[in-house]
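In case you want the letters, here they are:
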Protein chains: 2
Amino acid sequence: MSDQSISRSPGNNLDPWYANYAERTSGLSASEVRALFAVASRPEVVSLAGGMPFVSALPAELITGSLEKVMREQGGMALQYGSGAGQPALREQILEVMALEGIRGTVDNVVTTTGSQQALDLVTKLFIDPGDVILAEAPSYVGAIGVFRSYQANVVHVAMDDDGLNPDALRETIAHLRGQGRRIKFLYTIPNFHNPAGVTMSAARRPEILEICRRNEILVLEDNPYGLLHFEEKAPDALRSIDEDGVIYLGSFSKTLAPGFRVGWALAPHAIREKLILAAESAILSPSAFSQLTVSEYLRSTDWKAQIDTFRGVYKQRKEAMVAALEEYLPDLSWTDPNGGFYVWLTLPDRLDSKQMLPRAVKELVAYTPGTAFFADGRGRHAMRLSFCYPTPESIRVGIRRLATVINGELDLLDTFAGTGPLQIASREIHVSSPPPNIS
Amino acid sequence: MSDQSISRSPGNNLDPWYANYAERTSGLSASEVRALFAVASRPEVVSLAGGMPFVSALPAELITGSLEKVMREQGGMALQYGSGAGQPALREQILEVMALEGIRGTVDNVVTTTGSQQALDLVTKLFIDPGDVILAEAPSYVGAIGVFRSYQANVVHVAMDDDGLNPDALRETIAHLRGQGRRIKFLYTIPNFHNPAGVTMSAARRPEILEICRRNEILVLEDNPYGLLHFEEKAPDALRSIDEDGVIYLGSFSKTLAPGFRVGWALAPHAIREKLILAAESAILSPSAFSQLTVSEYLRSTDWKAQIDTFRGVYKQRKEAMVAALEEYLPDLSWTDPNGGFYVWLTLPDRLDSKQMLPRAVKELVAYTPGTAFFADGRGRHAMRLSFCYPTPESIRVGIRRLATVINGELDLLDTFAGTGPLQIASREIHVSSPPPNIS
């Protein structure tokens, strides 16, 4: 401090600026789970909680080679500001990536973003006034719920089953909300290898869901970070391949290449993408040219499809390890068995509460994400998300064995105290309100 | 399109989703100046319009060396998600950078962002409800005005002079607004080598301005991208060096290294930075680890202060070329003569309108940014911002000569038609409402 220091008398609480925040800021609160995850990042804990891709399966020399080439041939451009819409060469290549899932678009309608998370943020900013409704699967991606809440949206969940979002439930939910005079702005859906549910929307349901939204003039926000990470047959073509005017499609290189570049994108109907670019420029001026050109060079000079095949093999093996361990250690429970992606959704007996159980699990050196993180309405206590993307198959097996110890221990306790009323295992309420780091 | 295509009948305007946007989105409109700047990016046009740093003065091998080292030694971390607050090692180094301007902070209170533009966006999101007032210098940074508008703030300008923001004007403006019952959330200020005005807040005024804000419980948002780019003596110590509880400080590597990495930061009081991290995680999960580690390695392994000296020399020479050309070709006009940064502010005779004149200037192969871009209230017609950061001294001289031709031509026309009423030089209104690309 200089000797010109101004002394400020402390306000009547710990934050002198407390009264000055915007209304929307009250929706941002630190999660108690965050502290637990900090503990869970210790190496002795098997974390089945995060969504970190296994980037060690990516040969570093492929990236280094691309980097050197970019600096040698396009250094001036890589170091400079760029277009708010993103680098044209990369946007052309993104069309090729999307073509693998049946999408035809034009380069003009592609906007690259700082991860697809930023696209989610910008679309929400463009469309959501406080109190507007966003429809989302039950459960849905924790990071999307956080963004929606940060713009004061009301998230209304729609039931899903093994074939994904349920069209009848969608119709009923829309009718019910319309009956109440609510404004529904869009449907947020993750059709492929759902985060956290692990299921995929069937091909038959896709046009039906789109037709329901079209009739009700509800925009569809299709989030597809995992589509190319299928274990057997590929996922059905994207919703965007069926309807180009009613769908904003979000894609990402975080899972098929690496999240460290923070390169994702949106493909939007023409009028929307105009506004998306203005919103993106307002938020960050332009996305990193350096990151984008590196990804572009990687796509140009390497066999990126073969690299995705490698990732597929890694994740398939890990998924199989997780399902085998669940069958061995927790045969009485039910779980989803995904055909791609990163996640299994485990359903617990109704008597168990995954939030209250988490501190005990961390004590037993295993971590997961409680189901409540994936609902905006407090549901999810009797479920959890298990990630198989990052730990080795051996660690996954150890983790599930520890989880079984915790679950069986809880059930034993409940049996012991049967008839003495509901058991409060942990007195402290754990509140999940924003995505902890690395949960994506 | 697949054969499942849904045909959508066009709405009653060009955007079928027109009725669905949020209220705030009406503040986003494409600038007509944007189209002109697209023309102005042709190589034969001397652009004095952009804010692009001259990255060619940065030896590419310094960056390539840092990149290779990062991939060799920290590749796994560079490719992965990171902390929402940013990489700890870089945040430590940012403390050293800020110490050059008298700032003492703790690493905990530093948050790295996707350029300091993102920090601007996040702070505005945290504090601004629709209708809240933000105080800003008259004129102010076009990209800040765009962000503030995107959250429906009312920007109220406060007069500045050659010593920067005027304390008396600040007192009067606050009293006036308070008299109207308006909610003032923060003062946005660029104390050093102001964008666009080119002036620097005097050392004497700094504690006075802080004291006015402290008494009125108004937070100060100090934006300092140019502080280290002084031409002679350094700028006075940062506002943040005098008051650590009342100031959010924004810094950037875009001007002292390169914008292509998109690495900036905020240093905020403890309670605010907690919310800033939550908002940042909601917006992008985490900033690019790859970019941050590269910047960190560059700071560790190169003489970055010598590189800043190189930039200073380049920009000083260009500023001198611009001022000399103004003295030669436009001796009757007045302009600011900055001691650092990127910009000169040129005041025109009241009879001239810089917005209306821009198409003619582009036709004469010179571009500038009309003064109206830097006001939220329509002022600025009789001024323009001239950037000397990117073109060579020779180009600057050519550009100013062309500008003089345009200005003198307009004045001749006005003299010819004197007495026939106000002259409408261009019939088309040019509306600046969001920053065109590369105007920063």
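These numbers were taken from a predicted model, which means no experiment stands behind them. Within each chain, residue numbers correspond to sequence positions counted from 1 in written order. Whichever chain is written first is A, and whichever ligand is written first is 1; the rest continue in order. For a predicted model such as this one, the threshold for reporting local features is a pLDDT of at least 70, and the threshold for listing and counting side-chain atom pairs is 80 or more; totals across whole chains, interfaces and linings nevertheless cover every residue. Here the side-chain values reflect all heavy atoms present in the structure, with hydrogen atoms and water set aside.

### What to know about the overall build of chain A
Strands here mean DSSP runs of E at least two residues long; helices mean DSSP runs of H or I at least four residues long; both are numbered from the N terminus. Along its length, chain A carries 12 helices and 14 strands. The principal-axis extent of the C-alpha atoms belonging to chain A is close to 70 × 65 × 55 Å. Each of the 440 residues in chain A was classed as buried or not, and the buried ones make up 64%. Sequence-distant contacts, at least 24 apart, represent 78% of the contacts inside chain A between residues at least 6 apart. Shrake-Rupley sampling with a 1.4 Å probe provides the accessible areas, and residues are treated as covered by the protein chains on show and by no other component. If you sum the accessible surface of chain A, you get close to 15500 Å²; carbon and sulfur atoms cover 50% of it. Only four residue types enter the tally: Lys and Arg on the positive side, Asp and Glu on the negative side, with His and both chain ends excluded. For this purpose, a charge sits on NZ of Lys, CZ of Arg, CG of Asp or CD of Glu. Mean positive and mean negative side-chain charge positions of chain A (42 and 51 charges, respectively) differ by 3 Å. For every residue, the accessible area (1.4 Å probe, protein chains only) is compared with the maximum for its type, and the residue is labelled buried under 20%, exposed over 50%, or partly exposed between those bounds. A contact between two residues is defined here by any heavy atoms of the two lying within 4.5 Å.

### Re the domain arrangement of chain A
All names here are of chain A. Domain boundaries shown here were taken from an automatic or database domain assignment. If you check the domain split of chain A, you get domain 1 (26–51 + 306–415) and domain 2 (60–302). Computed from C-alpha coordinates alone, the two centres of domain 1 and domain 2 are separated by 26 Å. Summed over both partners, the accessible area (1.4 Å probe) lost when two parts come together is defined as the buried area. Here domain 1 meets domain 2 over a buried area of about 2400 Å², counting both sides, of which 67% is carbon and sulfur. In what follows, salt bridge is the name for a side-chain nitrogen of Lys or Arg lying within 4 Å of a carboxyl oxygen of Asp or Glu. Between Glu-232 and Lys-316 there is a salt bridge, and its shortest N-O distance comes to 3.3 Å. In protein, a polar contact means a hydrogen-donor-capable atom and an acceptor-capable atom, both N or O and within 3.5 Å, with residues adjacent in sequence counting only if both atoms are side-chain atoms; elsewhere, any N or O pair within 3.5 Å suffices. Applying the counting rule to domain 1 against domain 2 returns 10 residue pairs in polar contact (both at pLDDT 80 or more). Elements with a contribution of two residues or more to the side of domain 1 that touches domain 2: helix H10 (304–329) and strand S11 (343–347). By residue number, the principal contributor to the side of domain 1 that touches domain 2 is H10, which donates 7 residues.

### Some words on the side chain of Asn-192 of chain B
All names here are of chain B. Note that Asn-192 resides in the loop between strand S6 (184–189) and helix H7 (205–215). In this structure the side chain of Asn-192 is engaged in a polar contact, spanning 3.0 Å, whose partner is the side chain of Asn-224. Discounting chain neighbours no more than four positions away, the residues touching Asn-192 are Glu-101, Val-199, Thr-200, Arg-206, Asn-224, Tyr-226, Gly-227, Ala-235 and Pro-236.

### So, the nonpolar core
Burial of nonpolar side chains together is a common tendency in soluble globular proteins. Put simply, buried Ala, Val, Leu, Ile, Met, Phe, Trp, Tyr and Cys residues joined by side-chain atoms within 4.5 Å make one nonpolar core. By size, the foremost hydrophobic cluster in this structure holds 159 residues, and its most contacted members are Leu-386 of chain A together with Leu-386 of chain B. With 10 residues, helix H10 (residues 304–329) of chain B is the single largest residue contributor to this core. Aside from chain neighbours lying at most four places away, what touches Leu-386 of chain A is Leu-48, Met-322, Leu-326, Phe-342, Tyr-343, Val-344, Leu-346, Tyr-368, Ile-400 and Leu-403 of chain A. Counting residues in each nonpolar core, the second largest holds 96 residues, with Leu-219, Leu-276 and Phe-374 of chain A together with Ile-284 of chain B among its members.

### Details of the packing of aromatic side chains
We call Phe, Tyr and Trp rings a pair once their centres come within 6.5 Å, taking the six-membered ring for Trp, and we label the pair stacked below 30 degrees between planes, edge-to-face above 60, and tilted otherwise. Applying the stated rule across the entire model yields 28 aromatic pairs over all chains. Ring plane angle 55 degrees and centroid distance 6.1 Å describe the contact between Phe-231 of chain A and Phe-388 of chain A, whose orientation is recorded as tilted. Taken together, the positions of Phe-231 of chain A in the loop between strand S7 (219–223) and strand S8 (247–252) and Phe-388 of chain A in the loop between strand S14 (383–387) and helix H12 (393–416) put the pair 157 residues apart, joining distant regions of the chain. Owing to a relative accessible area of 9%, Phe-231 of chain A belongs among the buried residues under this scheme. Summarising the aromatic geometry, the rings of Tyr-315 of chain B and Phe-342 of chain B are spaced 4.8 Å apart at their centres and angled 50 degrees between planes, so their arrangement reads as tilted. Within this pair, whereas Tyr-315 of chain B is found in helix H10, its partner Phe-342 of chain B is found in the loop between strand S10 (334–335) and strand S11 (343–347), the two being separated by 27 residues in sequence. Assessed through its relative accessible area of 0%, Tyr-315 of chain B is described here as buried. Under the relative-accessibility criterion, Phe-342 of chain B is labelled buried at 0%.

### Some words on the interface of chain B and chain A
Of the residues lining the interface, 100 residues belong to chain B; the matching set on chain A comes to 100 residues. Our count for the chain B to chain A interface comes out at 2 salt bridges. Asp-121 of chain A is the partner of Lys-125 of chain B in a salt bridge, and the nearest nitrogen-oxygen pair spans 3.6 Å. Seen at the junction of chain B and chain A, the total is 34 residue pairs in polar contact (both at pLDDT 80 or more).

### As for the relation of the copies chain B and chain A
Least-squares fitting of one copy onto the other uses the C-alpha atoms of those residues that reach a pLDDT of at least 70 in both copies. Superposing chain B onto chain A requires a rotation of 180 degrees together with a translation of 0.0 Å along the rotation axis, leaving an RMSD of 0.0 Å. Both copies of the chain, as the preceding transformation shows, are related through a two-fold rotation axis. Take the interface residues of chain B: 100% of them recur as interface residues in chain A, which is what a same-surface contact looks like.

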